[in-house]
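# Observations on chain architecture
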Amino acid sequence: MTELTRRRTLGLGAGLLASSAVAAPAIAQRRGGDAVIAITQAPPSLDAHVTSAQAARNINLHMYETLFARDENARPVPELAETVNISSDGLTYVFPLRRDVRFHNGAIMEAQDVVASIERYRQIGASANLLAAIDSVTASGSHEVTIRLKQVQSTFLDNLSSPRAPIAIYPAAEAAKPANQIAFIGTGPYRFVEYLPDRHVRLARFDGYVPNPKATGPDGFAGRKEVHLDSVLFRFMPELGARAAALEAGEVHLVETVDGPTAQRLRGNARFTIYRLLPFSMQVIKFNHALGATGDLNFRLAVMSALDMEEIMAIAFPDIYQLDGSWIYPGSPYHTAQGTERYNKPDLAAARALLGRSGYRGERLTFIVDNNRSNIDTATVVQQRVRELGVNIDISVSDWPTVSRLGFTPQGWNFWCHGFGIEPFEGPASVMAPWVGGTSMIRKDEKIDAWFAELNAAMEQSARVRIFTEFQRHMWENAVAIKAGNYGLFQAATARLRDFKPYRIPRMWGVTLDA
Amino acid sequence: MIRFLARRLAGSAVVLLLVSLLTFGLIWLVPGDPTTVLLEASATPEQVGRLRVALGLDKPLPLQMLDWYGRVLSGDLGQSILLNRSVTEALLERLPVTLSIAAISLTLAVMLGVTAGILAALFHNRWPDQIVMSTALFGLSVPDFWLGLVFVVVFALGLGWFPTGGFTPIEQGVMEWARSIALPSLALALTQMGFVARMARASMLDVLNQDFVRTADAKGLSRTYVVLRHGLPNALVPLLTVTGIIAGALLGGTVVIEQVFSIPGVGRLIIGAILSRDFPVIQGGLLFLAVVYLLVNLVVDILYAAVDPRVRLA
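To continue, consider the nonpolar core. With 147 residues, the main nonpolar core has L67(A), F95(A), I147(A) and M508(A) as its most contacted residues. By residue number, the principal contributor to this core is helix α8 (residues 174-208) of chain B, which donates 11 residues. In terms of domain composition, this core takes at least three residues from each of domain 1 (2-9 + 39-189 + 204-225) and domain 2 (279-488) of chain A. What F95(A) contacts, discounting residues up to four positions off in sequence, is L67(A), F68(A), A81(A), T83(A), V84(A), H143(A), E144(A), V145(A), I147(A), F156(A), L157(A) and L160(A). Counting residues in each nonpolar core, the second largest holds 77 residues, with M237(A), V255(A), L307(A) and A484(A) among its members.

Written out as structure tokens, the structure reads:
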């Protein structure tokens, strides 16, 4: 067996050293304080296994932890596990567990809790496919878990550490319960206090929490989670103006997201700090390959050639976007400009020529979109642009549940746009997965399916980079879908909130609140 | 009276059955279910299907319908899929919030509206009438959510008299409770007040032009006495109708204002349930609102007879 690769361990060490330098000033700062965070919507569930919603992740990842978690650069690093020993055939993963981890009910975390939690996730997990490669999970000691895979999966640790619908470790007794019926007991730095629906979730510092001794500072979802605050209250405030007003009135200390004009207005006020979280998501325009003109390659390429991505992004996400043709975020080892040559090359003459070669004969096409302002703006810009080619698009706006159900059916839509936030953060497998089996374009693409299988089996990162680059080129050359760009969030906080660093969730460890 | 009540209650049962059938039909016609809220946009149909089974959403519609009606008949509105509690519990938790805002708004709207309407009628076509009617028209034209936001800017951010949003239960202090519902109640009341004022004015003008009022004036009675003793009681019947309509509108109107002020009321519960397709909450919540509407209408009908002896409940 080889211990978690030397390179990864060294990388972890370097990362921790770097983050400790950043975190050092916080240690001398005040302990105490009750932070209030305004979030846009209530979490659909506090059972971390059953939801991959951002609203739930914001809260759940303060209460629950996973065996491995993503560091600041999205790499998987040990959290509740000490390390991992992988067999030479790549099929057996042995996780020695930390012995200092307590649940919020006071019990020490043991192997049986981990086994029960993983088994539960395999049954009811919102992203149970992350663990599809598992053959068996067994407690090979009181503090050791062994996972046997059915076949080699290069992304297994990535999957295990996914923050999407976290594979949280619950006490075995809770893990035996059905979806949404657990007591909210985890191992995280905050413990659950109360959930008043439509009002708030209150968490309090878990005094029995032992920060990961191998870590020296905050590091993504992992690292050393020192809690200086007494409590955090997540207030559900759907109305944009109400969130900003509450911040200005001193009723909340951090607003998860404000719009551009509000950020601009508050920026000049010393009482507030504005943070830019960019990239947070990428804006994607999908085509239904199974219906009418959008099933025609020349038509899709014509639409792509007609679009000016800067125009789309500047209108839909003013002041908080970046133009980037890669299907993964900058900073990832998989990020490359290769294969993105067709990105953002608006050329109406070329578009007309391509349209002429397509089978499009003036029929009306449907662009479905949810009632998110930025998505409607994206659809409108596309509609106006392709109208210049003589393409007729009707925009159909519905609520999210309606659109997201319709968008996975073969009828009723040609275009659909929305953000992909967590997938490009998680890595290439997550980016590719929605296109596997033709799920997102309603027509199977053999090449994508083959690359996905190849990626999962490729143990060398260089091979995975090559495969992902081919996938990326294929996406652009075939206009499987169009990525318009990356967009971000403006977050606003009182200047009293110190050492806050924007991340994929509003992390409340390592931060302090001045009196 | 008893026959009247029995007939109305029987009619109400039919209305409730129709409401529940319609609700059931509509929410099953609209695409989507709670899995769309629980999962990321890129969730595959396979993931969705698995979660549907875990949440018990895979049962056939007729079975779910039978199950639901069976429970409702025994007084159980079912279990929320997302709130981890029963629908009845969720509604009862929020009812005091919505009722307190609606009741205060209704009281303010009726008291201020009737006073303004009477004033306008007494000074018909003179400047007080013009001012009252212009103000009433403004109140009618302005959306309550906009007024609410203006109040937040002026009274919460500018003057700091009230919180910008949220709700404080009365158990945590009467003053804090009153402060937390003052702005939303006022925003709702002012938009409804215009309606009451216009109706009160029209009704009073109608009554004040009647022969019996002229007779009372001719007898030398004071104007105040004539208006309050003879005019107002006769103008009340149409105002009662308006009050009934407003009571219903306020219960519905709180939906938007609860959203603006982040108030955890029944409206916000139902809107949230619709957006997340929490079917039991939608069904139970709408049935509950229908019951409240029917009760309000019943009370208004009974009050007709109380204020106007010519109306007989038979």
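All names here are of chain B. Between helix α11 (residues 266-276) and helix α12 (residues 279-307), the shortest axis-to-axis distance is 9 Å and the interhelical angle comes to 145°. Where α11 crosses over α12, the handedness of that crossing is left-handed. Each of V266, L269, I270, A273 and I274 in α11 lies in contact with α12, whose residues at this interface are V281, I282, G285, L286 and L289. When its residues are assigned to classes, the contact of α11 with α12 shows nine nonpolar, one polar and no charged.

Turning to the environment of K225(A), a few remarks are in order. Residues and elements named next belong to chain A. Assignment of secondary structure puts K225 in the loop between β12 (222-223) and β13 (231-236). In this structure, the C-alpha to C-alpha distance between K225 and W509, residues 284 residues apart in sequence, is 5.4 Å. Dropping the residues within four chain positions of it, K225 is found in contact with E65, E79, P189, Y209, P211 and W509. In terms of polar contacts, K225 uses its side chain to reach the side chain of E65, at 3.2 Å. There is a polar contact of 3.0 Å between the side chain of K225 and the backbone oxygen of F221.

Looking now at the side chain of H253(A). Residues and elements named next belong to chain A. Mapping H253 onto the fold places it in the loop between α6 (240-248) and β14 (254-258). Here H253 falls in the buried class, since its relative accessible area comes to 8%. Ignoring anything within four residues of it in the chain, the contact list for H253 reads D34, A35, V36, L247, A492, A493, T494, R496, L497 and L513.

Attention now moves to the domain arrangement of chain A. All names here are of chain A. Domain boundaries in chain A define domain 1 (2-9 + 39-189 + 204-225) and domain 2 (279-488). A C-alpha centroid distance of 32 Å is found between domain 1 and domain 2. With 12 residues of domain 1 at the interface, the matching set in domain 2 holds 13 residues. In total, domain 1 and domain 2 occlude about 1200 Å² of area from one another, counting both sides; carbon and sulfur atoms represent 54% of this. Linking domain 1 to domain 2 there are one salt bridge. The residue E426 makes a salt bridge to R164 at a minimum N-O spacing of 2.7 Å. Here domain 1 is connected to domain 2 by seven residue pairs in polar contact (both at pLDDT 80 or more). Of the residues contributing to the side of domain 1 that touches domain 2, the split by class is four nonpolar, five polar and three charged.

With that settled, consider the packing of aromatic side chains. Residues and elements named next belong to chain A. A complete count under the given rule lists 28 aromatic pairs over all chains for this structure. Judged by centre distance (5.0 Å) and plane angle (65°), the ring pair of F221 and Y503 falls under edge-to-face. In this pair, F221 is assigned in the loop between β11 (218-219) and β12 and Y503 in the loop between β21 (497-498) and β22 (512-513), connecting sequence segments 282 residues apart. There is no split in this pair, since F221 and Y503 are both buried. Taking 4.0 Å as the distance between ring centres and 5° as the angle between the ring planes, the aromatic pair formed by F317 and Y487 counts as stacked. Of this pair, F317 sits in the loop between α9 (309-316) and β16 (321-322) while Y487 sits in strand β20 (residues 481-494), placing them 170 residues apart in sequence. Of the two residues examined, F317 and Y487, each falls in the buried class. Grouped by ring-pair contacts, the aromatic residues F287, F299, Y360, F367 and F415 constitute a single cluster.

Turning next to helix α3 (residues 45-54) of chain B. Residues of α3(B) that are buried: Q47(B), V48(B) and L51(B). The buried residues of α3(B) occupy one face: seen down the axis, they fall within an arc of 100°. Seen from the buried face of α3(B), the exposed residues on the opposite side, beyond 90 degrees, are E46(B) and V53(B). On the buried face of α3(B), the contacting elements are α3 (111-124) and α12 (400-406) of chain A together with α2 (35-38) of chain B. Backbone geometry just after α3(B) places G56(B) at a positive phi near 75°.

Below, the discussion takes up α3(A). Under the 1.5 Å per step criterion, the end-to-end length of α3(A) is 20 Å for 14 residues, consistent within 8% with the ideal 20 Å. Inspection of α3(A) places A111(A), D113(A), V114(A), V115(A), S117(A), I118(A), R120(A), Y121(A) and I124(A) among the buried residues, and these make up the whole buried set. Along its buried surface, α3(A) packs onto β7 (134-141), β8 (144-149) and α5 (172-175) of chain A together with α3 of chain B.

Once that is clear, we can look at the pairing of strand β6 (residues 92-96) of chain A. Where a strand is regular, its side chains alternate between the two sheet faces. Residues and elements named next belong to chain A. With respect to burial, β6 is a largely interior element, five of its five residues being buried. Side chains T92, V94 and P96 project from β6 onto one buried face, and the interleaved Y93 and F95 project onto a second face that is buried too. Note that strand β5 (residues 85-86) and β6 share two bridges and pair antiparallel. Looking across to β6, one finds that N85 is bridged to V94. Connecting β5 to the next strand, β6, in antiparallel fashion are five residues, including G90 with a positive phi near 75°.

What counts as what
Residues numbered from 1 in each chain as written. Chains lettered and ligands numbered in written order. Predicted model: local features only at pLDDT ≥ 70, side-chain atom pairs only at ≥ 80, totals over all residues. Heavy atoms only, no water. Core = buried A, V, L, I, M, F, W, Y, C linked by side-chain atoms within 4.5 Å. Buried < 20%, exposed > 50% of the residue type's maximum accessible area, 1.4 Å probe, protein only. Helix = DSSP H or I, 4+ residues; strand = E, 2+ residues; numbered from the N terminus. Domains from an automatic or database assignment. Contact = heavy atoms within 4.5 Å. Axes fitted to C-alpha atoms, helices over the stretch in contact; angles between N-to-C directions. Left-handed = near helix turned anticlockwise from the far one by under 90°. Nonpolar A, V, L, I, M, F, W, Y, C, P; charged D, E, K, R; others polar. Polar contact = N/O pair within 3.5 Å; in protein donor to acceptor, adjacent residues only side chain to side chain. Buried area = accessible area lost by both parts, 1.4 Å probe. Salt bridge = Lys/Arg side-chain N within 4 Å of Asp/Glu carboxyl O. Phe/Tyr/Trp six-rings, centres within 6.5 Å; stacked < 30°, edge-to-face > 60°. Arc of directions from axis to C-beta. Expected span 1.5 Å × (residues − 1). Pairing = 2+ DSSP bridges.

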